[in-house]
Amino acid sequence: MVKRFEGKVAFVTGAAAGIGRATALRLASEGASVYIVDVALDGLEETSKLCEQAGASVVSARCDVTSEEEIRSNIAACVERFGRLDTLCNIAGILLLDHFDNITVDQFRRVLEVNLVGTFMLSQAALPHLIESKGSIVNTSSTSALAGMPYGAAYGTSKGGVSALTRTLAVEFGKRGVRCNAVNPGSIQTAMSGPGVVPDDADVALIARAAPLDQARGPEVVAAAIAMLASDDGIHINGEEIRVDGGTLA
Ligand SMILES: NC(=O)c1ccc[n+]([C@@H]2O[C@H](COP(=O)([O-])OP(=O)(O)OC[C@H]3O[C@@H](n4cnc5c(N)ncnc54)[C@H](O)[C@@H]3O)[C@@H](O)[C@H]2O)c1
């Protein structure tokens, strides 16, 4: 495997499972030191072992992305431990699919809090260090930011915000050497896309509209796109989103 991240430090959220774990492992395998966070500590421990087996220096820690205090102390701890920060991968997220009328205001706020406000707070805490290293941010948006996702009023709105935030940071910080990009996964095989996420009485035709043309793939296909954007291979890519959806929205 090419080693695009030798000497680099990556901070990865949502690293206990799915796309976050696959990304941490990909960056670790390519030479990065990784600071991995999540609220699911058992899964995080497993990811930590996998990254160590790949030869990386790893720190794993609890960080709830809705807590500004936990975010700031973990970013500080990362820089304290590794001396720099080159890549922030905002991957932690939650999904809520339900009929629009059933979604409560509290549920709507919670989805925005984790998916969007968390991404905002992490970016704000990391940016001074990224300016120093001329590093980059890769956010995790979704195809639901690009096309209507049935039952995804809260989720799609949060991801639309992530996409807009990505472009904003790209233009605001590009001249200071920091790039900000995003991926838009389609249906990827993780716990998030497992059984029970769609309401029982969902309209199958509506869901089919959002289904991938190809078979769903595992999280490593998204990790590969994130790694490209974070690496020097993506050096002239800023404010871009890459769909990783097997062509569903082509
Ligand atoms: N799987 C898909 O089909 C798909 C499609 C589009 C976008 N995405 C996005 O990809 C990202 C990763 O999702 P995944 O599919 O790997 O799901 P996943 O459920 O396997 O992983 C999400 C991780 O985020 C963590 N998390 C949740 N709330 C958190 C919080 N408050 N603080 C810290 N960590 C928290 C979870 O513990 C979990 O480990 C999410 O942002 C998701 O919206 C996934």
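Details of the structure are given in the entry above.
Our subject in this report is the structure included herewith. (Residues numbered from 1 in each chain as written. Predicted model: local features only at pLDDT ≥ 70, side-chain atom pairs only at ≥ 80, totals over all residues. Heavy atoms only, no water.)

1. Quick look at the pattern of salt bridges
Here's step 1: On inspection of all chains with the given rule, the structure shows eight salt bridges.
Here's step 2: In this structure, the salt-bridge partner of Glu70 is Arg62, at a minimum N-O distance of 3.5 Å.
Here's step 3: Look at Arg62 and you get partly exposed, because its relative accessible area is 41%.
Here's step 4: When salt bridges with common partners are traced through the structure, they connect Arg4, Arg26, Glu30 and Asp233 into a single cluster. (Salt bridge = Lys/Arg side-chain N within 4 Å of Asp/Glu carboxyl O. Buried < 20%, exposed > 50% of the residue type's maximum accessible area, 1.4 Å probe, protein only.)

2. Observations concerning the site of the ligand
Here's step 1: In the vicinity of the ligand, 28 residues are found, and the nearest of them are Ile19, Asp38, Tyr155, Ile188 and Thr190.
Here's step 2: In the environment of the ligand, an oxygen atom lies 2.6 Å from a nitrogen or oxygen atom belonging to the side chain of Asp38.
Here's step 3: Isolated, the ligand exposes 810 Å² of accessible area, and the fraction of that covered by the protein chains is 91%.
Here's step 4: Mapped onto the shell around the ligand, the elements with two or more residues apiece are helix H1 (18-29) and helix H5 (153-173).
Here's step 5: Here the residues of the shell around the ligand sort into 16 nonpolar, nine polar and three charged. (Near = heavy atom within 4 Å. Polar contact = N/O pair within 3.5 Å; in protein donor to acceptor, adjacent residues only side chain to side chain. Areas by Shrake-Rupley, 256 points an atom, 1.4 Å probe, with all protein chains shown as cover. Helix = DSSP H or I, 4+ residues; strand = E, 2+ residues; numbered from the N terminus. Nonpolar A, V, L, I, M, F, W, Y, C, P; charged D, E, K, R; others polar.)

3. Section: the sheet that holds strand S3 (residues 58-62)
Here's step 1: As summarised here, the arrangement of the seven strands in space is S3-S2-S1-S4-S5-S6-S7, forming an open sheet in which the pairing is parallel. The sheet terminates laterally at S3 and strand S7 (241-244), the two strands that pair on one side only. Taking the axes of each pair of neighbouring strands and ignoring which way they run, one obtains an average angle of 15 degrees across the sheet.
Here's step 2: Those strands touched by H1 are strand S1 (9-13), strand S2 (33-38), strand S4 (87-90) and strand S6 (179-185), and its axis lies near 170 degrees from that of S1.
Here's step 3: Against the sheet, helix H2 (residues 41-53) touches S2 and S3, its axis set at about 175 degrees to S3. (Pairing = 2+ DSSP bridges. Axes fitted to C-alpha atoms, helices over the stretch in contact; angles between N-to-C directions. Contact = heavy atoms within 4.5 Å.)

4. Topic: the side chain of Ser33
Here's step 1: Note that Ser33 resides in strand S2.
Here's step 2: Leave out the neighbours within four places in its chain, and Ser33 touches Lys8, Val9, Ala10, Ser57 and Phe82.

5. What to know about the state of the cysteines
Here's step 1: What the rule picks out here adds up to zero disulfides.
Here's step 2: In this model Cys51 remains outside any disulfide bridge; the closest cysteine sulfur is found in Cys89, 12 Å from its own.
Here's step 3: With relative accessibility at 0%, the residue Cys51 sits in the buried group.
Here's step 4: Here Cys180 stays unpaired: no disulfide links it, and the sulfur of Cys89, its closest cysteine neighbor, is 11 Å away. (Disulfide = S-S within 2.5 Å.)

6. Observations regarding the packing of H1 against helix H7 (residues 220-230)
Here's step 1: Look at H1 against H7: their axes get within 8 Å of each other, and the N-to-C directions meet at 50 degrees. In terms of axis orientation, H1 runs oblique to H7. Between H1 and H7 lies a crossing of right-handed hand. Residue-level contacts link Ile19, Ala22, Thr23, Arg26 and Leu27 of H1 to Glu220, Val222, Ala223, Ala224, Ile226 and Ala227 of H7.
Here's step 2: For the contact of H1 with H7, the per-class residue count stands at eight nonpolar, one polar and two charged. (Parallel < 35°, antiparallel > 145°, perpendicular 65-115°, else oblique. Left-handed = near helix turned anticlockwise from the far one by under 90°.)

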